[in-house]
Amino acid sequence: MKKKYSDFSVSCYLFSGKAAEEIDSILEKTDCFVKRYVSGESVFNSEDSTEYFGIILKGSLNVKKNLESGRGYTIFHRKSGDLFGGGVAFSRNPSFPCDIYSQGETEILYINKKSVYEILCKDSVIAENLISLFSKEVLVFERKLELFSTSSIRKKIAFSLLYDDYAVLEKFRLPYSKTEWAELLNVSRPSLCREIKKLHECGIIEMDGKNMRIIDRSGLEKIISE
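The text that follows walks through the structure, step by step, so that each part is easy to find. Every chain is numbered on its own, with residues counted from 1 as its sequence reads. With pLDDT at 70 or above as the cut-off, local features in this predicted model cover only qualifying residues; side-chain atom pairs require 80 or more to be listed or tallied, and sums for whole chains, interfaces and linings still use all residues. Side-chain numbers here rest on the full set of heavy atoms in the structure, without hydrogens or water.

What follows covers the pairing of strand S8 (residues 205-208). Here S8 shows one buried face, formed by Ile-205 and Met-207, and one open face, formed by Glu-206 and Asp-208. Two strands make a pair as long as DSSP finds a minimum of two bridges between them. Secondary structure elements are defined from DSSP: runs of H or I of at least 4 residues count as helices, runs of E of at least 2 residues count as strands, and each element is numbered from the N terminus. Direction of pairing for S8 relative to strand S9 (residues 211-214): antiparallel, over a ladder of 4 bridges. When the sheet's bridge partners are listed, Asp-208 is paired in S9 with Asn-211. Between S8 and S9, which pair antiparallel in sequence order, lie 2 residues; one of them, Gly-209, sits at a positive phi of approximately 65 degrees. Throughout, exposure labels follow a simple rule: accessible area from a 1.4 Å probe, protein chains only, divided by the maximum for the residue type, with under 20% read as buried, over 50% as exposed, and the rest as partly exposed.

Written out as structure tokens, the structure is:
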């Protein structure tokens, strides 16, 4: 059961520098399992606790904050190959602050935190990879705070396009709909669409459905610095 996922895990940064055979050997000795979810299914609810560290093998996740008013907004989007739940599993107060839902059919490999500790003690390469991933998460949180601190929708769009994982590409496909993107930016969908249209008219971006093309990267950088 565990071996069939090792080929995929090679593409996960946690196992960077490891061959499939090495990953097989690691997984065979760990407390881990795979769980599958249908689209829209709840993966974890707010205040749920866990002792497992998750790796998305297939599909993606939406991390949402649902308010008492009934309104909710997306905080993060996690794609295939990403890790999640580490901050909760390794915390002294292990409970999720948000709700997590599957997007599309999703498969997740869960590894018990005690097994992760054992791996880190024995394998310096994976330990370095995990520290690097956690450091990246801190930077993502800092960028997210910066994004939410600005009231300019245009700046939020520019910030998202320049600093998300896919932003190094000239052409890419957004991993979420305009509605989900609006939630990530904490703006209304109509306002997002209006600003996208203006950026298109200015010759800065082109967008067709989820397909995005950055025409003028310096133009986006200028918007952020204004």
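Okay, helix H9 (residues 217-225) next. Every buried residue of H9 is accounted for by Gly-219, Leu-220 and Ile-223. Projection of H9 onto a plane perpendicular to its axis shows the buried side chains occupying an angular sector of 100 degrees, all on one side. H9 presents Lys-222 and Ser-225 as exposed residues on the side facing more than 90 degrees away from its buried surface. By the convention used here, residues are in contact when the closest approach between their heavy atoms is within 4.5 Å. Considering only its buried residues, H9 is in contact with helix H6 (153-163), helix H8 (189-201), S8 and S9. As used here, the arc is the angular range of directions from the helix axis to the C-beta atoms.

So, about the pattern of salt bridges. Note on definitions: salt bridges are taken to be side-chain nitrogens of Lys or Arg within 4 Å of carboxyl oxygens of Asp or Glu. For the coordinates displayed, the defined rule picks out 9 salt bridges. Between Glu-22 and Lys-18 there is a salt bridge, with the nearest N and O atoms lying 3.7 Å from each other. On the basis of relative accessible area, Lys-18 is assigned to the buried category, the value being 13%. Asp-82 is paired through a salt bridge with Lys-79; the nearest N and O atoms lie 3.5 Å apart. On the basis of relative accessible area, Asp-82 is assigned to the buried category, the value being 18%. Residues participating in the shared-partner salt-bridge network are Lys-18, Glu-22 and Asp-123.

So, on to unusual backbone geometry. Residues apart from glycine generally show negative phi values, whereas peptide bonds are mostly found in trans. Of note, the phi angle at Glu-47 is positive, near 80 degrees, even though the residue is not glycine. Structurally, the position occupied by Glu-47 is in the loop between strand S2 (42-44) and strand S3 (52-66). For Glu-47, a relative accessible area of 58% gives the class exposed. The phi torsion at Asn-186 lies on the positive side, around 60 degrees, for a residue other than glycine. Within the element layout of this structure, Asn-186 appears in the loop between helix H7 (178-185) and H8.

On to the packing of helix H4 (residues 113-122) against helix H5 (residues 124-149). Here the axes come from fitting lines to C-alpha atoms, over the contacting stretch only for helices, and the angles between their N-to-C directions go from 0 to 180 degrees. Where H4 contacts H5, the axes come no closer than 6 Å and their chain directions differ by 115 degrees. For H4 against H5, the interelement crossing comes out left-handed. Between H4 and H5, the contacting residues are Val-116, Ile-119, Leu-120 and Lys-122 on the first element and Ser-124, Ile-126, Ala-127 and Leu-130 on the second. When residue character is reported, Ala, Val, Leu, Ile, Met, Phe, Trp, Tyr, Cys and Pro are called nonpolar, Asp, Glu, Lys and Arg charged, and the others, Gly included, polar. Across the contact of H4 with H5, the residue classes break down as 6 nonpolar, 1 polar and 1 charged. It is the rotation of the near helix from the far one that decides the hand of a crossing: anticlockwise by less than a right angle makes it left-handed, clockwise makes it right-handed.

Tracing the chain through its elements places Ser-102 in strand S6 (residues 99-112). A residue is classified by how much of its surface remains accessible, and Ser-102, at 5% relative accessible area, is buried. Definition of a polar contact: a pair of N or O atoms within 3.5 Å, with one able to donate and the other able to accept a hydrogen when the atoms are protein atoms, and with sequence-neighbouring residues admitted only if both atoms are side-chain atoms. Among the polar contacts listed, one links the side chain of Ser-102 to the backbone oxygen of Val-38, at a separation of 2.3 Å. When residues no more than four places from it in sequence are discounted, the contact partners of Ser-102 are Tyr-37, Val-38, Ser-39, Gly-40, Glu-41, Val-43, Ser-60 and Leu-61.

On to the environment of Glu-170, then. Along the polypeptide, Glu-170 turns up in the loop between H6 and strand S7 (171-173). When the C-alpha positions of Glu-170 and Arg-213 are compared, they lie 5.6 Å apart, and in sequence the two are 43 residues distant. Beyond its immediate sequence surroundings of up to four residues, Glu-170 is in contact with Met-212, Arg-213, Ile-214 and Arg-217.

On to the side chain of Thr-30, then. Along the chain, Thr-30 falls in the loop between helix H2 (20-28) and strand S1 (32-37). A distance of 3.0 Å separates a polar atom in the side chain of Thr-30 from the backbone oxygen of Leu-27.

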